[in-house]
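Below, each chain spelled out in residue letters.
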Amino acid sequence: MHRIGAVLAVLLVAIIVFGVSVTGRLNDGISSDTRAALTPVLPGQPFYMLLVGTDKSADRMADNSTGGVFRTDSMILARIDPIGAKVTLVSIQRDTLVDLGGSYGKQKINAAYTLGGAPLLIKEVSELAGVPIAHYAELDFDSFVNVVDAIGGIDVNIPIDLQDADAHLDVKAGQQAIDGATALALCRARHAYDKYGSGDYYRTANQRMVLGAILKKGLSGNPLTLMTTVNAAADSVSTDLSGVDLMFLGIRFAGFDASKDLMSGLEPTTGKQIGGTWYEIVQEDAWKTMMDRVDKGLSPYESDTDNPTSGLAG
């Protein structure tokens, strides 16, 4: 017993030391204004985290024509229950019409990041969903896929054959292991779904699938895999969470069963052209019903028939 206790103590120290060592990289880019926009929760309580994918790639950062202005290509509101070890991912559509107030007026929600950075985006998503946001993470999909390669690839189930030349995607349907390049292509692909409707609907489903597969692999219960995942993520993710926070959260989720404890959905909207610009208009009643379910720890959808991408993506 003493020997087991000593091993656990050494492992605990190693986890803390490792967590401290990666915190600087994880927190890089998180401003005091971003932290001030977040709403803290008590330890152990379920919390919401906003995951934002930007187009802040190395090429765009070096491109003077951008003027230092970047866009949010994807937004996922995650509800994380540390005690129940459950995760719910809800995609917020970037074309969602919102009123940013003041001189900004009505805009697509992804304009919030361009106009006011992470603090304004956190505020707008919180108001849209009607929930407090406790944590924030910003990632660059281009480099985030390095995480996939670092952990030896991920397993995904692709419902249909997919080809999208723009996204460099060509995969067959079925359960399969994919590398980082294919994961990135899935996260980007829209035109593979042109004959089914809005490509963004299906792309967001695939983004949640890829993220879920990374969580499943990283939270397999192997501390070394968890460390590898966090270390790789530290090069492509900026978050207010420390490395120690992530490691202990990962330990709580050890052996995470994605088939039961990972739930996923898409903000219900209706596409509409207004003044020559395409917007997604929130279906208020359906959205409230969805978020009420999510807040109770239930699946966003009462049945799979409510899922607009079922059988086609994610």
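In the block above lies the structure referred to throughout.
My aim in this report is to walk through the structure given alongside it, one point at a time.

Conventions and cut-offs
- Residues numbered from 1 in each chain as written.
- Predicted model: local features only at pLDDT ≥ 70, side-chain atom pairs only at ≥ 80, totals over all residues.
- Heavy atoms only, no water.
- Helix = DSSP H or I, 4+ residues; strand = E, 2+ residues; numbered from the N terminus.
- Buried < 20%, exposed > 50% of the residue type's maximum accessible area, 1.4 Å probe, protein only.
- Contact = heavy atoms within 4.5 Å.
- Areas by Shrake-Rupley, 256 points an atom, 1.4 Å probe, with all protein chains shown as cover.
- Salt bridge = Lys/Arg side-chain N within 4 Å of Asp/Glu carboxyl O.
- Pairing = 2+ DSSP bridges.
- Expected span 1.5 Å × (residues − 1).
- Arc of directions from axis to C-beta.
- Core = buried A, V, L, I, M, F, W, Y, C linked by side-chain atoms within 4.5 Å.
- Phe/Tyr/Trp six-rings, centres within 6.5 Å; stacked < 30°, edge-to-face > 60°.
- Lys NZ or Arg CZ within 6 Å of the ring centre and 35° of its normal.
- Axes fitted to C-alpha atoms, helices over the stretch in contact; angles between N-to-C directions.

## Quick word on the overall build of the protein chain
Here is step 1 of the chain: Per the secondary structure count, the protein chain includes 11 helices and 14 strands.
Here is step 2 of the chain: Overall size of the protein chain, expressed as C-alpha extent along the three principal axes, is 70 × 45 × 45 Å.
Here is step 3 of the chain: Residue burial in the protein chain is summarised as follows: out of 314 residues, 50% are buried.
Here is step 4 of the chain: Summarising the internal contacts of the protein chain: among those between residues at least 6 apart in sequence, 67% fall at separations of at least 24.
Here is step 5 of the chain: Surface exposure of the protein chain reaches about 14,900 Å², of which carbon and sulfur atoms provide 54%.

## Structural notes on the pattern of salt bridges
Here is step 1 of the chain: Under the definition given, this model contains eight salt bridges.
Here is step 2 of the chain: Of the charged contacts in the structure, one is a salt bridge between Lys86 and Asp261, with a shortest N-O distance of 2.9 Å. Of the two residues, Lys86 is situated in strand β3 (residues 86-92) and Asp261 in helix α10 (residues 258-261); the sequence distance between them amounts to 175 residues.
Here is step 3 of the chain: Residue classification places Asp261 among the buried residues on the basis of a relative accessible area of 15%.
Here is step 4 of the chain: Measuring nitrogen to oxygen at the nearest pair gives 2.9 Å for the salt bridge that ties Asp292 to Lys288. Here the residue Asp292 and the residue Lys288 both occupy positions in helix α11 (residues 284-295), the gap between them amounting to four residues, near one helical turn.

## Focus: the pairing of strand β14 (residues 277-282)
Along a regular strand, successive side chains alternate from one face of the sheet to the other.
Here is step 1 of the chain: Examined bridge by bridge, strand β13 (residues 269-274) and β14 share six bridges and lie antiparallel to one another. Each bridged residue has a counterpart across the sheet, and for Thr269 the counterpart in β14 is Val282.
Here is step 2 of the chain: From the end of β13 to the start of β14, which pair antiparallel, there are two residues, and Gly275 there has a positive phi angle of about 60°.

## Focus on the side chain of Thr88
Here is step 1 of the chain: Examined against the element boundaries, Thr88 turns out to sit in strand β3.
Here is step 2 of the chain: In contact with Thr88, not counting residues within four places along its chain, are Leu77, Ala78, Arg79, Met263, Val294, Leu298 and Pro300.

## Regarding unusual backbone geometry
Here is step 1 of the chain: Despite not being glycine, Ala85 has its phi angle at roughly 55°, a positive value.
Here is step 2 of the chain: Turning to its location among the elements, Ala85 is positioned in the loop between β2 (72-81) and β3.
Here is step 3 of the chain: Taking the relative accessible area as the measure of exposure, Ala85 reaches 18% and is therefore buried.
Here is step 4 of the chain: Of note in the backbone geometry, His168 takes a positive phi value of approximately 60° without being a glycine.
Here is step 5 of the chain: Its place among the elements puts His168 in the loop between β8 (162-164) and β9 (169-171).

## Focus on α11
Here is step 1 of the chain: In this model α11 runs 16 Å from its N-terminal to its C-terminal C-alpha over 12 residues, within 8% of the 16 Å that 1.5 Å per residue would give.
Here is step 2 of the chain: At its buried positions, α11 is contacted by β1 (47-54), β2, β3, α4 (111-129), β12 (262-266) and β14.
Here is step 3 of the chain: Where α11 ends, the next residue or the one after it, Gly297, has phi of about 85°, a positive value.

## Details of helix α9 (residues 243-252)
Here is step 1 of the chain: Gly243, Met247, Leu249 and Gly250 are the residues of α9 that are buried. Seen from one end, α9 has its buried residues packed into an arc of 165°, which puts them on one side.

## Considering the nonpolar core
Here is step 1 of the chain: Among the nonpolar cores identified, the biggest contains 94 residues, and Leu121, Tyr136, Ile154, Leu162 and Trp287 are the most heavily contacted of them.
Here is step 2 of the chain: Apart from residues lying up to four places away in sequence, Leu121 is in contact with Leu50, Val52, Thr72, Met75, Ile109, Ala112 and Tyr113.

## Here's the deal with the pairing of β2
Here is step 1 of the chain: In terms of residue burial, β2 counts as a mostly covered element, since nine of its 10 residues are buried.
Here is step 2 of the chain: Pairing of β1 with β2, which is carried by eight bridges, proceeds in the antiparallel orientation. Bridged to Tyr48 within β2 is Arg79.
Here is step 3 of the chain: With seven bridges connecting them, β2 and β3 associate as antiparallel partners. Counterpart to Met75 in the pairing with β3 is Ile92.
Here is step 4 of the chain: The loop that links β2 with its antiparallel partner β3 comprises four residues; one of these, Ala85, has a positive phi angle of about 55°.

## Details of the packing of aromatic side chains
Here is step 1 of the chain: Evaluation of the coordinates by the stated rule reveals four aromatic pairs.
Here is step 2 of the chain: Between Tyr193 and Tyr196 the ring centres are 6.5 Å apart and the planes differ by 55°, which places this aromatic pair in the tilted class.
Here is step 3 of the chain: Exposure remark for Tyr193: the relative accessible area of 0% places this residue in the buried category.
Here is step 4 of the chain: With a centroid separation of 4.7 Å and 15° between ring planes, the pair formed by Tyr193 and Tyr202 is classed as stacked.
Here is step 5 of the chain: With relative accessibility at 5%, the residue Tyr202 sits in the buried group.
Here is step 6 of the chain: Taking NZ or CZ as reference, Lys108 lies 5.9 Å from the ring centre of Tyr279, over its face.

## A few points about the sheet that holds β1
Here is step 1 of the chain: Pairing within the open sheet is mixed, and its six strands lie in the order β11-β6-β1-β2-β3-β12. Each edge of the open sheet carries a strand with a single partner, namely β11 (237-239) and β12. Neighbouring strand axes in the sheet, compared pairwise and without regard to direction, differ in orientation by 20° on average.

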